[in-house]
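Structure at a glance
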Number of protein chains: 2
Amino acid sequence: MNRRGPTLEDVAREAGVSRATVSRVVNGVRNVDPALQDVVRQAVERTGYTPNGAARSLVTRRAETVALLISGAGDGFAARVFADPFFGRIVSGAVAYLRGRAMHPVLMLAESESARRQVVDYLRRGSADGALVVSIQADDPLPRMLCDARIPLVLFARSPHGPEVSSVDVDHYAGGRLAAGHLLARGCRHPATICAPQDLPAGRDRLSGFCGALEHAGRIRPAVAEGGFTVESGAAAMVRLLAGHPEVDGVFAANDLMAQGACEVLRDRRLRVPHDVAVVGFDDSSVAVTCRPPLTTVRQPVEEMAAAMAELLAGQLQGAVAGPTHLVFEPELVVRESA
Amino acid sequence: MNRRGPTLEDVAREAGVSRATVSRVVNGVRNVDPALQDVVRQAVERTGYTPNGAARSLVTRRAETVALLISGAGDGFAARVFADPFFGRIVSGAVAYLRGRAMHPVLMLAESESARRQVVDYLRRGSADGALVVSIQADDPLPRMLCDARIPLVLFARSPHGPEVSSVDVDHYAGGRLAAGHLLARGCRHPATICAPQDLPAGRDRLSGFCGALEHAGRIRPAVAEGGFTVESGAAAMVRLLAGHPEVDGVFAANDLMAQGACEVLRDRRLRVPHDVAVVGFDDSSVAVTCRPPLTTVRQPVEEMAAAMAELLAGQLQGAVAGPTHLVFEPELVVRESA
DNA sequence: TTGAAAGCGCTAACAG
DNA sequence: CTGTTAGCGCTTTCAA
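The name recorded for chain A in an unreviewed UniProt entry is LacI family DNA-binding transcriptional regulator, from Streptomyces pulveraceus.

Laid out in structure tokens, this is it:
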């Protein structure tokens, strides 16, 4: 594969100017005679010139590329990522921001120990200038690895035990409270929750927000079953909940996928949603709309959060030396049919 | 961001050898005294050296990176991609192959005209060595753009009007036949299909395979409603089918997501699957298992196809000059509960 | 405003 | 087996 295209040299010869001048025109640097600019641009056109990224990066020390890392573990990791529209929203938000700033967004999965090493290597060698990290595993070693390698990064969700780096997050506690408030307001007397893994801070916060609001309203603790963010785990949790607490009339699921699983089980049992059991989800991903019935859910402004994450990183890359910034977004209740 | 780490020079000094020797050790080239190798490796360790990718690429003319491009259009493109586990399987297969060959897989979305230009630019400047392209749009301009830019590429699905490049595909016609055969075998008398967009060759082939087998068995043409690969479009199509043909007792949906939508509508109508209406999907993505009931479906060996695609590209990158290769995989019927 | 020249950090001949 | 040397293609001082 020796497709070596035309170089600056070739364009310069074609245009009858020096390499430096062509470089200036290509990079839009001022102080070039407009007439010459045209000549150069035509030469570029004729030769079909494209700058060689490696040569450029070698001197600029930038790749104009940002890696969006989705980190986790386990078999079928990719399958899980591509089954949750939540990630689609993150990608969407980050990509939109980066494209607007002429940065190339590249998505990489870090699904295993060796994959993480490869990804870190990719960044260390400078193939990307920094990383946006979305981790869906407790105690993910990736943020620390990146940090140790001096890679600029911003996290989606604050990591309590990880390194102190900038992050963007939603107020999970407030989200849980929103769900409880809504359930209470519609007269729910026997609330339950399908919570997220409790080794995740987000999982704990959503649960304690939910419980806290209930307690505040004078209710006893809700029935709790833990799920793993998937439809099936939500369904299984709902089955357990029903087995132990047949009186349940309201469920807060810690994400929409699990809420969907719950709805399916409820339906199988001929329990009407929301009439018999009200269901509230979390995220407001596209399944919230697809679900039958459409889900009332706690919306995370994911696209904005992702864009903010990219903006924070862009700032770091431009040399802003402020300490870690932690942005916390407010969740919002979106009422549809399920509750 | 001037984090300039140690260079070969630094390591060489530390180890008391020449840059060339360090380079050899780092790149695992033979002909280096084992003792020296150790010395060098220790020096690498001490200095925390990582090769600079730009400098290396500049001379090797390779980035050791392959782009996996998902191309299409429309608002919510990312959302759609991340709502179909089918893509997860592609990513999974390609990533697994590439990681094993020490290539960095990077996923990029080409969701608009400008995004496509950016992606092509990324490849033209050499940030990746080649592309694996998954297009979910009829007449996608991307393959041709890549081809014109002399970027090595392999397509997922053969493009009839696009440039002649290597591709990997499943026998869609055979897949449609498989679905028809199964429906017929279980005694279905009024088959219908929720077909894929007919401007897609794959969509046409799945439909004609289905119709062909029916015809061959002496049946009339099935009722047809077109969907757009999403759950909602499948549900809407099912509604139309039922409205026009209440007698329908078997449905072949051109992907699992649409099959799921169909199942939901059927359930709402109190029609039992498969007892009243049998449903066959396509893909065998993870929703086939999640769906209620679990879907009988036509399996595409997506992971293998993706790996084959990566292998074909790797061959091209190594300079194998064979003409375009078209690999066609056989689909397989996976029987679960829905039919 | 333009050109000449010096590298960026690395690999790959080519000697030794 | 090891070191010396010549670039890879580009940006960026520094002079003119």
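The discussion continues.
1. With respect to the packing of aromatic side chains
Summed over all chains, the structure comprises nine aromatic pairs over all chains. Centroid distance A:Phe82 to B:Phe82: 4.5 Å. Interplanar angle 10°. Geometry classified as stacked. Here A:Phe82 is found in the loop between helix H5 (77-81) and helix H6 (85-100), whereas its partner B:Phe82 is found in the loop between helix H5 (77-81) and helix H6 (85-100) on a different chain. By relative accessible area, which is 0% here, B:Phe82 ends up buried. Ring centres of A:Phe86 and A:Phe87 lie 5.5 Å apart, and the angle between their planes is 70°; this geometry places the pair in the edge-to-face category. Ring-pair connections join several aromatic residues into one group, and the members of that group are A:Phe86, A:Phe87 and A:Phe156. One residue, A:Arg206, lies across the ring of A:Phe282, its end atom 3.9 Å from the ring centre.

2. Section: the interface of chain A and chain B
Taken together, the 61 residues of chain A in the interface contact 61 residues of chain B. Here chain A and chain B share an interface that buries about 5400 Å² over both sides, 52% of which is from carbon and sulfur atoms. Close ionic contact of B:Arg292 with A:Asp268 constitutes a salt bridge, the shortest N to O distance being 2.2 Å. Linking chain A to chain B there are 15 residue pairs in polar contact (both at pLDDT 80 or more). If you list the elements that add at least two residues to the side of chain A that touches chain B, you get helix H4 (53-60), H5, H6, strand E2 (104-110), helix H7 (113-124), helix H11 (231-244), helix H12 (256-268) and helix H14 (302-317) of chain A. Considering each element in turn, the side of chain A that touches chain B owes the most residues, seven residues, to H6(A). Of the residues that constitute the side of chain A that touches chain B, the class distribution is 29 nonpolar, 14 polar and 18 charged.

3. Section: the pairing of strand E5 (residues 167-170) of chain A
Residue and element names in this part refer to chain A. Residues of E5 alternate between two faces, with Ser-167 and Asp-169 on one and Val-168 and Val-170 on the opposite face, all of them buried. Examined bridge by bridge, strand E4 (residues 153-156) and E5 share two bridges and lie parallel to one another. Bridge pairing in E5 links Leu-155 to Ser-167.

4. Some details on the protein's contact with DNA strand D
Taken together, the neighbourhood of DNA strand D is formed by 28 residues, with A:Leu8, A:Ser23, A:Tyr49, B:Arg24 and B:Asp33 sitting nearest. For DNA strand D, the backbone makes up 62% of the atoms found within 4 Å of the protein, where backbone means sugar plus phosphate. In the environment of DNA strand D, a phosphate oxygen lies 3.0 Å from a nitrogen or oxygen atom belonging to the side chain of A:Asn27. Separating a phosphate oxygen of DNA strand D from a backbone N or O atom of A:Asn52 is a distance of 3.2 Å. Elements represented by at least two residues in the surface near DNA strand D include exactly helix H2 (19-26) and H4 of chain A together with helix H2 (19-26) and helix H4 (53-60) of chain B. At five residues, the largest contribution of residues to the surface near DNA strand D is made by H4(A).

5. Some remarks on the sheet that holds strand E10 (residues 296-299) of chain A
Residues and elements named next belong to chain A. The strand order E7-E6-E8-E9-E10-E12 describes an open sheet built from six strands, whose pairing is mixed. Each end of this open sheet is capped by a strand with a single partner; those strands are strand E7 (223-226) and strand E12 (332-334). Averaged over all adjacent pairs, the angle separating strand axes in this sheet is 20°, with direction ignored. Direction of pairing for strand E6 (residues 191-195) relative to E7: parallel, over a ladder of four bridges. When the sheet's bridge partners are listed, Thr-193 is paired in E7 with Val-224.

6. Looking at the domain arrangement of chain A
You can read the domains of chain A as domain 1 (8-60), domain 2 (65-170 + 303-330) and domain 3 (172-299). Taking only C-alpha atoms into account, the centre of domain 1 of chain A sits 60 Å from that of domain 3 of chain A.

Reading guide: rules and limits
- Residues numbered from 1 in each chain as written.
- Chains lettered and ligands numbered in written order.
- Predicted model: local features only at pLDDT ≥ 70, side-chain atom pairs only at ≥ 80, totals over all residues.
- Heavy atoms only, no water.
- Phe/Tyr/Trp six-rings, centres within 6.5 Å; stacked < 30°, edge-to-face > 60°.
- Helix = DSSP H or I, 4+ residues; strand = E, 2+ residues; numbered from the N terminus.
- Buried < 20%, exposed > 50% of the residue type's maximum accessible area, 1.4 Å probe, protein only.
- Lys NZ or Arg CZ within 6 Å of the ring centre and 35° of its normal.
- Contact = heavy atoms within 4.5 Å.
- Buried area = accessible area lost by both parts, 1.4 Å probe.
- Salt bridge = Lys/Arg side-chain N within 4 Å of Asp/Glu carboxyl O.
- Polar contact = N/O pair within 3.5 Å; in protein donor to acceptor, adjacent residues only side chain to side chain.
- Nonpolar A, V, L, I, M, F, W, Y, C, P; charged D, E, K, R; others polar.
- Pairing = 2+ DSSP bridges.
- Near = heavy atom within 4 Å.
- Axes fitted to C-alpha atoms, helices over the stretch in contact; angles between N-to-C directions.
- Domains from an automatic or database assignment.

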